[in-house]
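# Understanding the architecture of this molecule
Each chain is listed here by its residues.
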Amino acid sequence: MDVYKEVDYLSENAKKYQELEWKYGCHNYYPLPVVLKRGEGIYLYDVDDKKYIDCLSGYSALNQGHCHPRIVKAAIQQLQTLTLTARAFFNDKLGPAEEYLCKLAGYDKCIFMNTGVEGGETAIKLARRWGYVKKKIPDGKARVVFCNGNFWGRTIAACGSSDDPDRYKDFGPFEGLNFDLINYNDPEALEKKLKEDPHVCGFMLEPIQGEAGVVMPTEGYLKKVRELCTKYKVLMICDEVQTGMGRTGKLFCYQWEDVKPDVVILGKALSGGIMPISAVLADDDVMENIHPGEHGSTFGGNPLACMVAMEALKVIVDEKLVENSLEMGEYFRKLVNDLKSPHVNTVRGRGLFTAVEIKDGAWQVCLNMLKNGILAKTTHANTIRFSPPLVITKVQVEEAVKLIAKSLEQLDEQIKAGTVAKGH
């Protein structure tokens, strides 16, 4: 693997596992050169028992921390009882999980799926069906608008809604999807599109764009989106797969502007990292346009997933992880800014969802951090995303920032020596 050329500290034990993945797996990821075997709370351990602070959290799937004992206990209990019925039958866990999630979020109904991208696909189907039934859009004409820089998965629909060549190049054709792209954080572009095209049924956006580099909209943007969607009778679809579940210091990121989307997509931390679970929330006016046989999933809403999801949600509420995310996120950004590193351009974020823009050498900083005992990864060339589990303490934040500082200082010598790794 080319990644071996960038480091000089891989054990033979670690190389063995990496070589197996490289030989027998599809080369669809470019991982940091570390092989992990165990996790607990905010910490990860590699196959040589080295300890790391996890500042990625499985792309925010581990908001409750690794192997949270309450969630693990709930999973084991249900694993020993009943795991799957398919939706051909009722089960005793789906209804209570639906009720808990709907009441917590303030929506009439939800539908459980598995992956985040399935949640996105479900939201699009709901929007299209609503557009035909309620908005009376002519058959085959319904359109959905997305933002440039969006990322919600890698299915054909997700690729077809992307402006990133890594997502769509050589995976087409995408004609017939009836998707449109406008600039993010541009309410004027949205109004222009909605005014010109009466066949738009939905506008899907991330309240903060994660994969684009923790791109934050101007204050008031979400309120303006809500206003325009209401004005032009278009569903506001909020992708909270990465920003939801307390990640930004609110249970859902859209709550920062006190708006209520028509459709909300959840995933990742809905399971606490135990298994793939996603859900889509909407009120009856949207959800009740889907009838038996028109949408579903063999594993969606299975008893195991429902038990895990309900406990994962309760952990966030009971342990006040939303409040901790807000407090620790502000503290983290203050400490990073206080470093006054010449290598840092900007620090931005909300809650424990932070981007640190590096002037040059972001991948090398990630390698330095790995060697020093902290795991984070670039998203786009010069942005490092820091999103530790929401259970992180003040002392652990201070520990993490000390390791970041050390890693930035090491970049000085690497720049002078011309040994800065560029990564993928």
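Residues numbered from 1 in each chain as written. Predicted model: local features only at pLDDT ≥ 70, side-chain atom pairs only at ≥ 80, totals over all residues. Heavy atoms only, no water.

### Section: the packing of aromatic side chains
Stated precisely, the cut-off is as follows: The rule is short: rings of Phe, Tyr and Trp, with Trp giving its six-membered ring, pair when the centres are within 6.5 Å, and they are stacked under 30 degrees, edge-to-face over 60, tilted in between. Helix numbering and strand numbering both begin at the N terminus, where a helix is a DSSP run of H or I of at least 4 residues and a strand a DSSP run of E of at least 2. Type-normalised accessible area, obtained with a 1.4 Å probe on protein chains alone, sets the label of each residue: buried when under 20%, exposed when over 50%, and partly exposed for intermediate values.
Under the defined criterion, the tally for this structure stands at 6 aromatic pairs. Measuring from centroid to centroid gives 5.5 Å for Y184 and Y221, while their planes differ by 70 degrees, and the two rings are edge-to-face. One end of the pair, Y184, is in the loop between β6 (179-182) and α8 (187-196); the other, Y221, is in helix α9 (residues 221-231), with 37 residues separating them in the sequence. Across the pair, exposure class does not vary: Y184 and Y221 are buried alike.

### Section: the sheet that holds strand β3 (residues 51-54)
Hydrogen bonds along the backbone pair up the strands of a sheet, which may run parallel or antiparallel. Note the following rule: One requirement defines pairing of two strands: DSSP has to find at least two bridges between them.
Sheet architecture is open: 4 strands sit in the order β1-β2-β3-β13, paired in mixed fashion. Unpaired on one side and paired on the other, β1 (36-40) and β13 (374-375) mark the two borders of the sheet. Two strands pair when backbone bridges link them, and β3 and β13 are joined in this way by 2 bridges, in the parallel orientation. Across the sheet, the residue bridging to D54 is L375, located in β13.

### Considerations on the sheet that holds strand β14 (residues 377-378)
Selection rule: Contacts: residue pairs with any heavy atoms within 4.5 Å of one another. Helix axes are fitted only over the stretch in contact, all axes being lines through C-alpha atoms; the angle between N-to-C directions runs from 0 to 180 degrees.
Read across the sheet, 4 strands follow the order β11-β12-β15-β14 without closing on themselves; strand pairing throughout is antiparallel. The open sheet terminates on both sides in strands that have one partner only, identified here as β11 (344-350) and β14. Two strands pair when backbone bridges link them, and β14 and strand β15 (residues 383-386) are joined in this way by 2 bridges, in the antiparallel orientation. Note that in β15 the partner of K377 across the bridge is R385. Contacts from helix α12 (residues 321-338) reach β11, β12 (353-358) and β15, with the element oriented near 170 degrees to β11. The sheet strands contacting helix α13 (residues 362-372) are β12, β14 and β15, and the helix crosses β15 at an angle near 40 degrees.

### Focus on a nonpolar patch on the surface
Convention followed: Residues enter a patch when their relative accessible area is above 30% and they make no salt bridge; the linking distance is 9 Å between like charges and 5 Å between nonpolar side chains (Val, Leu, Ile, Met, Phe, Trp, Tyr). Every accessible area reported is derived by Shrake-Rupley at a probe size of 1.4 Å, with residue values counting cover from the shown protein chains alone. Any Lys or Arg side-chain nitrogen located within 4 Å of an Asp or Glu carboxyl oxygen qualifies as a salt bridge.
On the surface, a nonpolar cluster with roughly 350 Å² of combined accessible area is contributed by Y17, L20 and Y24. Within the fold, Y24 resides in helix α1 (residues 12-24).

### As for the pattern of salt bridges
Under the definition given, this model contains 26 salt bridges. In this structure, D197 engages K193 in a salt bridge whose closest nitrogen and oxygen atoms are separated by 3.7 Å. One salt-bridge network, held together by shared partners, links R143, D180, K193 and D197.

### A short note on the packing of α12 against helix α14 (residues 394-417)
We count it as follows: Any angle that is under 35 degrees is reported as roughly parallel, and any over 145 degrees as roughly antiparallel; angles of 65 to 115 degrees are reported as roughly perpendicular and all others as oblique. Handedness of a helix crossing follows the sense of rotation of the near helix relative to the far helix, less than a right angle counterclockwise being left-handed and clockwise being right-handed.
Two elements in contact, α12 and α14, have axes separated by 10 Å at closest approach and are oriented at 30 degrees. By the angle between their directions, the pair α12 and α14 is classed as roughly parallel. When you trace α12 past α14, the crossing you get is right-handed. Every residue of α14 that contacts α12 at M328, Y331, F332, L335 and V336 is listed here: K394, V397, E398, V401 and I404.

### A look at the layout of surface pockets
Rule in force here: Definitions used for this entry: grid spacing 1 Å over protein atoms alone; cavity, a set of points where a 1.4 Å probe fits but cannot get out; pocket, an open set with protein on both sides within 12 Å along at least 5 of 7 lines; lining residue, one with an atom within 4 Å of a point. Grid points are joined across faces, edges and corners, and a volume is the space filled by probe spheres set on the points. When residue character is reported, Ala, Val, Leu, Ile, Met, Phe, Trp, Tyr, Cys and Pro are called nonpolar, Asp, Glu, Lys and Arg charged, and the others, Gly included, polar.
Each pocket or cavity is described by its volume, and for the second largest pocket that value is around 650 Å³. Along the walls of the second largest pocket sit 23 residues, with R87, E98, C110, I111 and H295 positioned nearest its centre. Broken down by element, the residue count for the lining of the second largest pocket peaks at 4 residues, all from strand β4 (residues 109-113). Of the residues contributing to the lining of the second largest pocket, the split by class is 10 nonpolar, 8 polar and 5 charged.

### A closer look at the pairing of β11
Pairing between β11 and β12: 6 bridges, direction antiparallel. Bridging from a neighbouring strand, V347 pairs with V356 of β12.

### Comments concerning α9
The complete set of buried residues in α9 reads Y221, L222, V225, R226, L228 and C229. On its buried side, α9 packs onto β5 (143-147), α8, β7 (200-205) and β8 (235-239).

### Here's the deal with empty space enclosed by the protein
Rolling a probe over the atoms, with the probe sized like a water molecule, indicates the empty space that remains. With the rule as written, the count across this model stands at 1 cavity of 30 Å³ or more. Of the pockets and cavities examined, the largest cavity occupies roughly 60 Å³. Taken together, F146, C147, N150, F151, W152, Y184, M204, L205, E206, Q209 and D239 form the lining of the largest cavity. Mapped by element, the contributors of at least two residues to the lining of the largest cavity are β5 and β7.

### Concerning α8
Under the convention used in this document: What the arc covers is the set of directions going from the helix axis to the C-beta atoms.
If you check which residues of α8 are buried, you get P187, L190, K193 and L194. Across the axial projection of α8, the buried residues extend over an arc of 125 degrees, all falling on one side. Opposite the buried face of α8, at more than 90 degrees from it, the exposed residues are E188, K192, K195 and E196. Buried residues in α8 make contact with β5, β6, β7 and α9.

### Description of the packing of helix α4 (residues 94-105) against helix α11 (residues 303-318)
Running from amino to carboxyl end, α4 crosses α11 at an angle of 30 degrees, the nearest separation of the two axes being 9 Å. With respect to their mutual orientation, α4 and α11 come out roughly parallel. Where α4 crosses over α11, the handedness of that crossing is left-handed. Facing L94, P96, A97, Y100, L101 and L104 of α4, the residues of α11 in contact are C306, M310, L313, K314 and V317. Here the residues of the contact of α4 with α11 sort into 10 nonpolar, no polar and 1 charged.

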